[in-house]
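Spelled out, the chains give:
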Amino acid sequence: MLRVAVLGAGRIGQIHAANVAASPKADLVVVADPVEAAAVSTAQRLNSEFSTDPYTVIGRSDIDAVIIGTPTDTHVPLTLAALAAGKAVLCEKPLDLDQNKANAAITEIEKTGRPFMLAFNRRFDPSASEMKRAIEAGEVGDVRQVVITSRDPSPPPADYVRRSGGIFRDMLIHDFDMARWLLGEDPTEVYAIGSCLVDARIADLNDFDTTMVVMRAPSGKQCHINTCRHASYGHDQRIEVFGSKGMLQNGHVRPHTVNRFTEQATGSQAPLLHFFLERYKQAYELELEAFLETLQSGREMPVTADDGRKALALAEAALRSVKTRSGVAME
Ligand SMILES: NC(=O)c1ccc[n+]([C@@H]2O[C@H](COP(=O)([O-])OP(=O)(O)OC[C@H]3O[C@@H](n4cnc5c(N)ncnc54)[C@H](O)[C@@H]3O)[C@@H](O)[C@H]2O)c1
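Residues numbered from 1 in each chain as written. Predicted model: local features only at pLDDT ≥ 70, side-chain atom pairs only at ≥ 80, totals over all residues. Heavy atoms only, no water.

**Student:** Help me out: how do you make sense of the sheet that holds strand E15 (residues 328-329) in this one?
**Tutor:** The strands that make up a sheet are held in pairs by hydrogen bonds between backbone atoms, and each pair lies either parallel or antiparallel. With mixed pairing, the seven strands of this open sheet are ordered in space as E12-E11-E7-E10-E9-E8-E15. Each having just a single partner strand, strand E12 (246-250) and E15 make up the two edges of the open sheet. Where strand E9 (residues 210-216) meets strand E10 (residues 222-228), seven bridges bridge the pair, whose relative direction is antiparallel. Directly across from Thr211, in E10, lies its bridge partner Thr227. Packed onto the sheet, helix H6 (residues 126-136) meets strand E7 (143-151), strand E11 (236-243) and E12 and runs at close to 165° relative to E12. Of the strands in this sheet, strand E8 (189-195), E9 and E15 touch helix H13 (residues 305-324), which is tilted by about 60° from E8. (Pairing = 2+ DSSP bridges. Helix = DSSP H or I, 4+ residues; strand = E, 2+ residues; numbered from the N terminus. Contact = heavy atoms within 4.5 Å. Axes fitted to C-alpha atoms, helices over the stretch in contact; angles between N-to-C directions.)

Here's what the structure looks like:
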């Protein structure tokens, strides 16, 4: 059994803590959060210890792995402290909003040679991993285009947007990672447009709520990412992979599969799962399983710090493309 500490007992930390507590491969030893009430309530619910001091937890000799679900600006110091203390780390995305700081930290992380995984959870969604398997098995032949649609049910509060680093670093970071993973290549040309069509407060913060990104990989493969901070019908998550021998579609996930036919409408289905915590519930569980299994087997982590570096570089390029109204070539 791997002995695990979870740092941060907010939205994502609670998910990770519950998954650790449920895993047969791990013991949830302690949940740490400077907000005592948050640490206590998660720890009590999951029968673990609690702490208000993450650094004391990192220093404990009875911890093998640390999961970091704290605010983004704490990821680098907590990760480096945990790796220096000999722990394995699963850290939430992004490592940092500042590309230079993130890249410097990634170099440090790689130098330690210790197990580190970045939490790009969507790779572990069963539909996404089936797409990847089918592409690698040649089922759709040579991939020509990947089309990703990622729309949220409602925009976040202005205060979140202010600290988020903007839609490309905050929201599309998952889509840039998905694009690289499914294309099997790193895009070298990025063209992006952004608008504010949902919430004027987002425009006041010099950010966008509606974007389109088009990218080309060195082989010529193309990718198109659509995003919006608001979709009236819920969390709209779809991916299409088009190749020389066919197409793969990863469609909507609903709480049940009942299809209604009445006088008013035919083919009417239940609303979509509300947001990421519901839509990607299984992905978070499988992400944790992959982390624990990789630790036990000693293999290379399925998502590396370098994946974080490359997704962030695409986010920076997209932002530059919007600002300069021109395509950006990746170095
Ligand atoms: N992979 C995903 O799908 C996903 C989803 C949501 C959030 N995230 C990422 O997870 C991180 C946390 O987001 P959230 O929405 O859970 O935030 P949140 O504000 O809900 O929770 C953060 C928690 O961390 C605590 N905290 C602050 N400093 C700490 C420290 N030094 N040590 C321990 N705990 C500390 C806060 O008190 C709070 O309880 C962010 O980096 C975000 O980008 C990822």
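**Student:** What exactly am I supposed to notice about the packing of helix H4 (residues 75-84) against helix H5 (residues 99-112) here?
**Tutor:** Each pair of packed helices can be summarised by the angle the axes make with each other and by the distance between the axes. Running from N to C, H4 and H5 cross one another at 15°; their axes reach a closest spacing of 10 Å. Taken together, H4 and H5 sit at an angle that is classed as roughly parallel. Considering the relative orientation of H4 and H5, their crossing is left-handed. Of the residues in H5, those in contact with Val76, Thr79, Leu80 and Leu83 of H4 are Ala105, Glu108, Ile109 and Thr112. (Parallel < 35°, antiparallel > 145°, perpendicular 65-115°, else oblique. Left-handed = near helix turned anticlockwise from the far one by under 90°.)

**Student:** Is there a simple way to explain the site of the ligand in this structure?
**Tutor:** Around the ligand, the structure places 23 residues, and the nearest of them are Arg11, Ile12, Asp33, Thr72 and Tyr284. Taking Thr70, its main chain carries an N or O atom lying 3.5 Å from an oxygen atom of the ligand. Taking Asn121, its side chain carries an N or O atom lying 3.1 Å from a nitrogen atom of the ligand. For the ligand, whose unbound accessible area comes to 840 Å², protein coverage reaches 80%. Looking at the shell around the ligand residue by residue, the class counts come to eleven nonpolar, eight polar and four charged. (Near = heavy atom within 4 Å. Polar contact = N/O pair within 3.5 Å; in protein donor to acceptor, adjacent residues only side chain to side chain. Areas by Shrake-Rupley, 256 points an atom, 1.4 Å probe, with all protein chains shown as cover. Nonpolar A, V, L, I, M, F, W, Y, C, P; charged D, E, K, R; others polar.)

**Student:** Teacher, can you tell me more about the pairing of E12 here?
**Tutor:** Sheet faces and side chains relate simply in a regular strand, where the side chains alternate between the two faces. Two elements, E11 and E12, share five bridges in a ladder whose sense is antiparallel. For Phe242, the partnering residue across the bridge sits in E12 and is Met247. If you look at the hairpin formed by E11 and E12, you'll find two residues sitting between the two strands.

**Student:** Could you clarify how one ought to interpret the side chain of Asp209 in this entry?
**Tutor:** With respect to the element layout, Asp209 can be found in the loop between helix H10 (200-204) and E9. Buried and unpaired, Asp209 has no salt bridge, with Arg229 as the nearest side chain of opposite charge at 7.7 Å. Within the structure, the side chain of Asp209 is placed 3.0 Å from the backbone nitrogen of Asp199, a separation counted as a polar contact. When neighbours within four sequence positions are excluded, Asp209 is seen to be in contact with Ile167, Ser195, Cys196, Leu197, Val198, Asp199, Ile202, Thr227, Cys228 and Arg229. (Buried < 20%, exposed > 50% of the residue type's maximum accessible area, 1.4 Å probe, protein only. Lys, Arg positive; Asp, Glu negative; His and termini not counted. Salt bridge = Lys/Arg side-chain N within 4 Å of Asp/Glu carboxyl O.)

**Student:** I'm lost on the nonpolar core in this one. Help?
**Tutor:** Within soluble globular proteins, side chains that are nonpolar tend to cluster in buried spots. Formed by 88 residues in total, the largest nonpolar core has its most connected members in Phe168, Phe176, Val213 and Val241. Counting residues per element, this core draws most heavily on H13, which supplies nine residues. Split by domain, this core shows at least three residues from each of two domains, domain 1 (2-92) and domain 2 (125-329). Counting six residues, the second-largest nonpolar core is a separate cluster that includes Ile12, Phe275, Phe276 and Tyr280. (Core = buried A, V, L, I, M, F, W, Y, C linked by side-chain atoms within 4.5 Å. Domains from an automatic or database assignment.)

**Student:** Teacher, can you tell me more about the pairing of E8 here?
**Tutor:** The pairing of E8 with E9 spans seven bridges and is antiparallel. Bridge pairing in E9 links Val190 to Met215. Bridge count between E8 and E15: two bridges; the pairing is antiparallel. Its bridge partner lying in E15, Glu189 is registered against Ala329.

**Student:** Explanation requested: the sheet that holds strand E3 (residues 49-51) in the structure shown.
**Tutor:** A sheet is described by the order of its strands in space; here six strands give the open sequence E3-E2-E1-E4-E5-E6, paired in parallel fashion. Since the sheet does not close on itself, it has two edges, and those belong to E3 and strand E6 (116-119), each with one partner. Mean inter-strand twist for the sheet, computed between neighbouring axes without regard to direction, equals 20°. The pairing of strand E5 (residues 88-92) with E6 spans four bridges and is classified as parallel. The residue of E6 that forms the bridge with Glu92 is Ala119. Sheet contacts for helix H2 (residues 36-46): strand E2 (26-32) and E3; angle to E3, the most-contacted strand, approximately 170°.

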